[in-house]
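# Fold and contact review
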Amino acid sequence: SGAGRERQVFQSKVGKTSLIMSLVSEEFPDDVPLRAEEITIPADVTPERVPTHIVDYSEAEQSDEQLYQEISKANVICIVYSVNNKKVPLILVGNKSDLVEHSSMETILPIMNQYSDIETCVECSAKNLKNISELFYYAQKAVLHPTGPLYCPEEKE
Ligand code: GTP
Ligand code: MG
């Protein structure tokens, strides 16, 4: 299970292009291209009155390098997943806890409660060696004793 397979699980055919096209044409597209053309929504038709430039990503048409370039230019990134196709448990890993005094758990817990797909969260520091074995223990536990409602063991290889 390399990076390529994980990217497949999370990003392929989840509906990224359909979401953009549905926004633009106000109807669900029957035929959807691999990648939507870049468009700018003019300021006067957005609720907050800001022009919004939308850039789609297609793994089939673009290289990792192009993806990194777009990410570095972006003001916001939407990570899309398909709710009927969640095959792996998600663990939120807050790394670099050595750089802050306080814990981020207060902000994280409401997110955890809202998104039932997130199995667990852990704050850690690679630098301070804090919670690292816990992180990997949680990852193992999520596979061995899944609690997520959408986990489908029969779909596992
Ligand atoms: P890639 O660019 O190939 O990674 O895919 P994508 O993430 O852009 O997904 P795309 O928009 O091509 O949609 C993939 C499939 O999901 C298509 O068959 C869509 O018709 C379908 N689809 C997209 N959004 C929805 C949705 O909200 N509901 C349903 N039922 N199907 C959807
Ligand atoms: Mg697409």
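## A word on a nonpolar patch on the surface
Taken together, the side chains of Tyr 81, Val 83, Leu 92, Ile 111 and Tyr 115 present a nonpolar region at the surface, about 420 Å² in accessible area. Here Val 83 shows up in the loop between helix 3 (64-73) and strand 3 (90-94). Classification of Val 83 by relative accessible area gives exposed; the value is 56%.

## A few points about the coordination of the magnesium ion (ligand 2)
Looking at the magnesium ion (ligand 2), one finds its protein donor set to be Thr 17 (OG1) and Leu 34 (O), positioned 2.0 to 2.2 Å from the metal centre. Of this pair, Thr 17 sits in helix 2 (residues 16-25) while Leu 34 sits in the loop between helix 2 and strand 1 (39-41); the two residues are 17 residues apart in sequence, bridging distant segments of the chain. We classify Leu 34 as partly exposed; its relative accessible area is 44%.

## Observations concerning the packing of aromatic side chains
Any pair of aromatic rings gets described here by the distance separating the centres and the angle formed by the planes. Counting across every chain of the model gives one aromatic pair. Both rings, one in Tyr 137 and one in Tyr 138, keep their centres 6.0 Å apart while their planes meet at 45 degrees; by these two values the pair is tilted. Take Tyr 138: its relative accessible area is 27%, and that puts it in the partly exposed class.

## Let's talk about the site of ligand 1
In the vicinity of ligand 1, eleven residues are found, and the nearest of them are Lys 13, Gly 15, Lys 16, Thr 17 and Ser 18. Here an oxygen atom of ligand 1 sits 3.2 Å away from a polar atom, N or O, in the main chain of Val 14. A distance of 2.9 Å separates an oxygen atom of ligand 1 from a polar backbone atom of Gly 15. Taken by itself ligand 1 offers 650 Å² of open surface, and the protein chains cover 61% of this. Its residues assigned to classes, the shell around ligand 1 comprises four nonpolar, five polar and two charged.

## Comments concerning the pattern of salt bridges
As enumerated under the stated definition, the model contains two salt bridges in all. Between Glu 38 and Arg 35 there is a salt bridge; the shortest N-O distance is 3.7 Å. When the shortest N-O distance is used, the salt bridge between Glu 70 and Lys 73 registers 3.9 Å. With a gap of three residues between them, Glu 70 and Lys 73 both fall in helix 3, about one helical turn apart. Note on Lys 73: relative accessible area 58%, which makes it exposed.

Quick notes on the rules
- Residues numbered from 1 in each chain as written.
- Chains lettered and ligands numbered in written order.
- Predicted model: local features only at pLDDT ≥ 70, side-chain atom pairs only at ≥ 80, totals over all residues.
- Heavy atoms only, no water.
- Patch = residues over 30% accessible without salt bridge, like charges linked within 9 Å, V, L, I, M, F, W, Y side chains within 5 Å.
- Areas by Shrake-Rupley, 256 points an atom, 1.4 Å probe, with all protein chains shown as cover.
- Salt bridge = Lys/Arg side-chain N within 4 Å of Asp/Glu carboxyl O.
- Helix = DSSP H or I, 4+ residues; strand = E, 2+ residues; numbered from the N terminus.
- Buried < 20%, exposed > 50% of the residue type's maximum accessible area, 1.4 Å probe, protein only.
- Donors = N, O, S within 2.8 Å, 3.2 Å for Na, K, Ca; no water.
- Phe/Tyr/Trp six-rings, centres within 6.5 Å; stacked < 30°, edge-to-face > 60°.
- Near = heavy atom within 4 Å.
- Polar contact = N/O pair within 3.5 Å; in protein donor to acceptor, adjacent residues only side chain to side chain.
- Nonpolar A, V, L, I, M, F, W, Y, C, P; charged D, E, K, R; others polar.

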